[in-house]
Amino acid sequence: MEHTIRPEDVTPEDEQRVHDRLDEKMASAGEAIGGSVGRLLSNVKLLYAMLRDKGFTIDWTYKAKIIAALLYFIAPIDIIPDFIPGLGYIDDAVVIGYTIKALKDLIEAYKVYRGEPKISQKN
């Protein structure tokens, strides 16, 4: 898998790869970075929930962005290898954070759909 995953290159097979590997990756990330993983994993869970929610319709363009970000997160090799203690998930956090910001309006709509409070201005 390349270091850069562009949304326009995402396929339905990539979506399946996310479904197959995300839980395992989140568990290993939690073990690797402990307490600082909270926000990263919370954002990953939010993006994944949006992707899986059959009642919430997402345009393919936005869905591809979510899948691309999650593919980067689950990739065993990326810009900063995940096995480097304390640093390995920085690039993952940047990619997920950028996706959260880029899809802020969609995420706000999803939170309203689910009856949840809006995301804070920090995101």
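Here, every reference points to the structure presented above.
Criteria and cut-off values
- Sequence order as written defines residue numbering, which begins from 1 separately in each chain.
- For this predicted model, a pLDDT threshold of at least 70 governs which residues receive local features, and a threshold of 80 or more governs which side-chain atom pairs are given and counted, while totals over whole chains, interfaces and linings are taken from all residues.
- By convention in this description, side-chain values take in all heavy atoms of the structure and omit both hydrogens and water.
- Helix and strand definitions here come from DSSP, where helices need a minimum of 4 consecutive H or I residues and strands a minimum of 2 consecutive E residues; each element is numbered from the N-terminal end.
- Burial classification: accessible surface area is computed with a 1.4 Å probe over protein chains only, and a residue below 20% of its type maximum counts as buried, one above 50% as exposed, and the rest as partly exposed.
- In what follows, a contact means two residues having at least one pair of non-hydrogen atoms within 4.5 Å.
- Every helix has an expected span of 1.5 Å times one less than the residues it contains.
- We define a nonpolar core as any set of buried Ala, Val, Leu, Ile, Met, Phe, Trp, Tyr and Cys residues linked to one another through side-chain atoms lying within 4.5 Å.
- The rule for a salt bridge is simple: a side-chain nitrogen of Lys or Arg has to be within 4 Å of a carboxyl oxygen of Asp or Glu.

Undergrad: Pulling in residues and values, what's your account of the overall build of the chain?
TA: Scanning the chain from N- to C-terminus turns up five helices and zero strands. Walking the chain from its N terminus toward its C terminus, one meets helices and strands in the order α-α-α-α-α. Of all 123 residues assigned to the chain, the portion counted as buried reaches 40%. Across the chain, every contact between residues at least 6 apart in sequence was considered, and the portion connecting residues at least 24 apart equals 64%.

Undergrad: Give a description of helix H3 (residues 60–74) that names residues and reports values.
TA: Look at H3: 20 Å from first C-alpha to last across 15 residues, which is about the 21 Å you get at 1.5 Å a residue. Among the residues of H3, those classed as buried are Ala64, Ile66, Ile67, Ala68, Ala69, Leu70, Leu71, Tyr72, Phe73 and Ile74.

Undergrad: A description of the environment of Gln16 should follow, citing residues and the corresponding values.
TA: Within the secondary structure, Gln16 sits in helix H1 (residues 12–33). Using a relative accessible area of 40% as the deciding quantity, one classes Gln16 as partly exposed. Between the C-alpha atoms of Gln16 and Ile67, which are 51 residues apart in sequence, the distance is 9.4 Å.

Undergrad: Quick rundown of the nonpolar core? Include the residues and the values.
TA: In this structure, Val18, Leu22, Leu70, Phe73 and Ile96 are the most contacted members of the largest nonpolar core, which totals 30 residues. Listed by contribution, the elements that provide at least two residues to this core are H1, helix H2 (38–52), H3, helix H4 (90–102) and helix H5 (104–114). Ranked by residue count, the leading element in this core is H3, at nine residues. If we skip the residues at most four places from it in the chain, Val18 touches Tyr48, Leu51, Ile67, Leu70, Leu71 and Ile74.

Undergrad: Just give me the short version of the pattern of salt bridges, but keep the residues and values in it.
TA: Inspection of the entire model under this criterion finds seven salt bridges. Its salt-bridge partner being Lys104, residue Glu108 comes within 3.5 Å of it at the nearest N-O pair. In this pair, Glu108 and Lys104 are both assigned in helix H5, four residues apart and thus about one turn of the helix distant. Residue classification places Glu108 among the buried positions, given a relative accessible area of 11%. A salt bridge links Lys111 to Glu116; the nearest nitrogen and oxygen atoms lie 3.6 Å apart. Among the residues examined, Glu116 registers a relative accessible area of 26% and is labelled partly exposed. Connected via shared salt-bridge partners are Arg6, Glu8 and Asp9.

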